[in-house]
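Here's the letter readout for the chains.
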Amino acid sequence: MTEGEKLKVTDILYGVIVPSIVAALIIIFPAYLKPALDPTLQAILVDGLAEAILVIGVPMLFGLLWNRWAGGASGFILGGIYALYVNGMFIYYSMFYPQYVPNDISTLGYLVCAMLTGYMAGALNKGSFGFRRMLVAGLVSGIIGGFFLLWTQIISPLGMVTDIYYALFITLLPRIIYGVVIPIIAKVFIWYGMLPRRIS
């Protein structure tokens, strides 16, 4: 066995223990912590976690680390997946509540929001590895993408938005949080040289 093939403690730590802890947290959070949270925090931290990862986090990370096209393309793919999920939920709810119709305009909002967030993050960052520029790009792209999503929810015939200030709060707060967190994650990727492109 060569030196590279030997199993090390760090291999077990980063290959088994850390991923297992993350997987457990993903299950524990909605199953056990959700009932203890305020409904607003439930909407942001638990129910919106999949949305935040697919529609904000990954497209923004690709845009910051790679370029605007990678950010926009990942946003298109992941936003489309999330839009299909939401559309499926609308189909399920339409069996019990006739006002929920599939193919509502708000499902398109998830796709556009994700695509715009990823593209804009890459376009504003322009390949920079500077944290300040990534932070500005993350915040601006997240907030503008959130406004487009909110717009589709406001014009939705489902009447999704009854309180504009509450809707604005739960739409923009996760995007502001991710606009700060994702540039930090991107910076860690840069420190360890885990980039989809060469550092010039």
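Structural notes, computed from the coordinates. (Residues numbered from 1 in each chain as written. Predicted model: local features only at pLDDT ≥ 70, side-chain atom pairs only at ≥ 80, totals over all residues. Heavy atoms only, no water.)

## Let's talk about a nonpolar patch on the surface
Move 1: Together, Leu 7, Ile 12, Leu 13, Tyr 14, Val 16, Ile 17, Val 18, Ile 21, Val 22, Leu 25, Ile 26 and Ile 27 line one region of the surface with nonpolar side chains, adding up to about 1,100 Å² of accessible area.
Move 2: Position of Ile 12 relative to the elements: it lies in helix α1 (residues 9–33).
Move 3: Residue Ile 12 is classed as partly exposed on the basis of its relative accessible area, which comes to 39%. (Patch = residues over 30% accessible without salt bridge, like charges linked within 9 Å, V, L, I, M, F, W, Y side chains within 5 Å. Areas by Shrake-Rupley, 256 points an atom, 1.4 Å probe, with all protein chains shown as cover. Salt bridge = Lys/Arg side-chain N within 4 Å of Asp/Glu carboxyl O. Helix = DSSP H or I, 4+ residues; strand = E, 2+ residues; numbered from the N terminus. Buried < 20%, exposed > 50% of the residue type's maximum accessible area, 1.4 Å probe, protein only.)

## A word on the packing of helix α3 (residues 49–65) against helix α5 (residues 105–125)
Move 1: Contact geometry of α3 with α5 gives a least axis separation of 7 Å together with a crossing angle of 25 degrees. Considering their axes alone, α3 and α5 lie roughly parallel with respect to each other. Once α3 is placed against α5, the crossing between them reads as right-handed. Residues Glu 51, Leu 54, Val 55, Ile 56, Pro 59, Met 60, Gly 63 and Leu 64 of α3 pack against Tyr 110, Cys 113, Ala 114, Thr 117, Gly 118, Ala 121, Gly 122 and Asn 125 of α5.
Move 2: Partitioning the contact of α3 with α5 into residue classes produces 10 nonpolar, 5 polar and 1 charged. (Axes fitted to C-alpha atoms, helices over the stretch in contact; angles between N-to-C directions. Parallel < 35°, antiparallel > 145°, perpendicular 65-115°, else oblique. Left-handed = near helix turned anticlockwise from the far one by under 90°. Contact = heavy atoms within 4.5 Å. Nonpolar A, V, L, I, M, F, W, Y, C, P; charged D, E, K, R; others polar.)

Interpretation in functional terms is not warranted from these geometric data alone.
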